[in-house]
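Tertiary structure, described
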Amino acid sequence: MSWTEVAGFVTGAVSVWLYVRQNVWAWPVGIANSMCWLVLFWASRLYLDAALQLVYIGLSVAGWYWWLRGGERPGELPVARTRRREMLALTGVGLVGTLGLWWAMAAVSDVLPLPDAATTVVSLIAQYMLTRKLLGNWWCWIAVDAAYIVMYTSQHLYLTAALQPLFIAMCMAGWRRWRTDLPDAVRTADTAAAVAR
């Protein structure tokens with residue numbers, strides 16, 4: 001266990017807790033988390049997970065801005081559902097991206113090419129959704145965190161693997177909390193659709 005794994009554990013837990021609470025300080029803590037995991041994953045030969053941290057840093061800067069300036073009122077970007085067209089586009093990107101990265105990672109002897117590719121692509125989609133406060137980001141993160149338990153255990157990153165069930169629990173809490181923060185019109189439409197079924 002290295003200092004980068006311990007620091008990644010702490011900053012990761014704190015940043016997710018802050019995201020659940022929709023606290024803008026989640027973004028700088030998340031940047032610190034990405035820096036720790038960049039070093040850790042590169043040393044573990046999980047190259048896509050390492051490169052993913054660079055993208056997270058860029059998306060975190062964008063998310064920080066959007067959460068502060070993206071809503072109708074400064075500092076109040078509302079929680080929203082993913083529109084059907086956007087969901088189809090993200091699904092297509094996910095499939096194509098996973099296949100392309102799987103091939104590329106196999107070519108460079110990544111230790112786990114398919115899982116590394118799939119978790120990287122879904123993580124990017126989830127991070128994009130998080131920056132836009134799209135409710136479905138939490139389900140993407142749950143899927144990725146479940147896969148990471150197996151990946152990180154296989155690479156003897158036990159502390160990082162142990163963090164994933166905590167992340168899953170926090171993601172469930174985030175989904176519940178954000179769902180209550182959906183604008184009234186969206187919640188009313190959800191209720192009407194449920195009754196119609």
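Whatever comes next refers back to the structure up there.
Below or above, wherever it landed, is the structure these notes cover. Given the structure is predicted, the values throughout are model-derived calculations rather than measurements.

Within the protein, the secondary structure is distributed over 8 helices and 0 strands. Reading the secondary structure of the protein in the N-to-C direction produces α-α-α-α-α-α-α-α. Only carbon and sulfur atoms are counted for the fraction: they give 69% of the accessible area of the protein, which is about 10,300 Å².

A separate point is the pattern of salt bridges. On inspection of all chains with the given rule, the structure shows 1 salt bridge. Its salt-bridge partner being Glu86, residue Arg83 comes within 3.8 Å of it at the nearest N-O pair.

Below, the discussion takes up the packing of aromatic side chains. One pass over the structure, following the stated rule, counts 11 aromatic pairs. Judged by centre distance (6.2 Å) and plane angle (80°), the rings of Tyr19 and Trp67 are edge-to-face. Taken together, the residues Tyr19 in helix H1 (residues 3-20) and Trp67 in helix H3 (residues 47-69) connect sequence positions 48 residues apart. With respect to class, Tyr19 is no different from Trp67; both count as buried. One residue, Arg132, lies across the ring of Trp66, its end atom 4.3 Å from the ring centre.

Here we come to the nonpolar core. General note: in soluble globular proteins, nonpolar side chains tend to be found buried as a group. In terms of nonpolar packing, the biggest core is built from 42 residues, with Phe41 and Tyr152 touching the most fellow members. Taken together, the elements giving at least two residues each to this core come down to H1, helix H2 (26-43), H3, helix H5 (113-131), helix H6 (137-154) and helix H7 (158-180). In contact with Phe41, not counting residues within four places along its chain, are Leu46, Asp49, Ala50, Gln53, Tyr152 and Leu157.

Next up on the list: unusual backbone geometry. In the Ramachandran plot, Gln22 falls in the positive-phi region, its phi being about 55° despite a non-glycine side chain. Looking at the secondary structure, you find Gln22 in the loop between H1 and H2. We classify Gln22 as partly exposed; its relative accessible area is 21%. Of note in this structure, His156 is not a glycine but carries a positive phi near 65°. His156 gets classed as exposed once you look at its relative accessible area, which sits at 56%.

By the element assignment, Leu157 lies in the loop between H6 and H7. With relative accessibility at 6%, the residue Leu157 sits in the buried group. When the C-alpha positions of Leu157 and Glu5 are compared, they lie 7.9 Å apart, and in sequence the two are 152 residues distant. Among residues more than four places away in sequence, those in contact with Leu157 are Glu5, Leu40, Phe41, Ser44, Leu46 and Tyr152.

Before going further, it helps to spend a moment on H5. For H5, spanning 19 residues, the distance from its first C-alpha to its last is 27 Å, which sits close to the expected 27 Å at 1.5 Å a residue. Among the residues of H5, Asp116, Ala117, Thr119, Thr120, Val121, Ser123, Ile125, Ala126, Gln127, Met129, Leu130 and Thr131 are the ones counted as buried. Within two residues after H5, Lys133 carries a phi angle of roughly 55°, on the positive side.

Between H5 and H6, whose axes approach to 9 Å, the crossing angle comes to 150°. Overall, the two elements H5 and H6 adopt an arrangement that is roughly antiparallel. At the point where H5 passes H6, the crossing takes the left-handed sense. Counting all contacts with H5, which are made through Pro115, Asp116, Thr119, Val122, Ser123, Ala126, Gln127, Met129 and Leu130, the residues of H6 involved are Asn137, Cys140, Trp141, Val144, Ala147, Tyr148 and Met151. Residues that form the contact of H5 with H6 fall into these classes: 11 nonpolar, 4 polar and 1 charged.

The next point concerns H2. In this model, H2 (18 residues) spans 26 Å end to end at C-alpha, consistent with the 26 Å of a helix rising 1.5 Å per residue. Burial in H2 covers these residues: Ala26, Trp27, Gly30, Ile31, Asn33, Ser34, Cys36, Trp37, Leu40 and Phe41. At the C-terminal side of H2, Arg45 shows a positive phi close to 65°.

Rules behind the numbers
- Residues numbered from 1 in each chain as written.
- Predicted model: local features only at pLDDT ≥ 70, side-chain atom pairs only at ≥ 80, totals over all residues.
- Heavy atoms only, no water.
- Helix = DSSP H or I, 4+ residues; strand = E, 2+ residues; numbered from the N terminus.
- Areas by Shrake-Rupley, 256 points an atom, 1.4 Å probe, with all protein chains shown as cover.
- Salt bridge = Lys/Arg side-chain N within 4 Å of Asp/Glu carboxyl O.
- Phe/Tyr/Trp six-rings, centres within 6.5 Å; stacked < 30°, edge-to-face > 60°.
- Buried < 20%, exposed > 50% of the residue type's maximum accessible area, 1.4 Å probe, protein only.
- Lys NZ or Arg CZ within 6 Å of the ring centre and 35° of its normal.
- Core = buried A, V, L, I, M, F, W, Y, C linked by side-chain atoms within 4.5 Å.
- Contact = heavy atoms within 4.5 Å.
- Expected span 1.5 Å × (residues − 1).
- Axes fitted to C-alpha atoms, helices over the stretch in contact; angles between N-to-C directions.
- Parallel < 35°, antiparallel > 145°, perpendicular 65-115°, else oblique.
- Left-handed = near helix turned anticlockwise from the far one by under 90°.
- Nonpolar A, V, L, I, M, F, W, Y, C, P; charged D, E, K, R; others polar.

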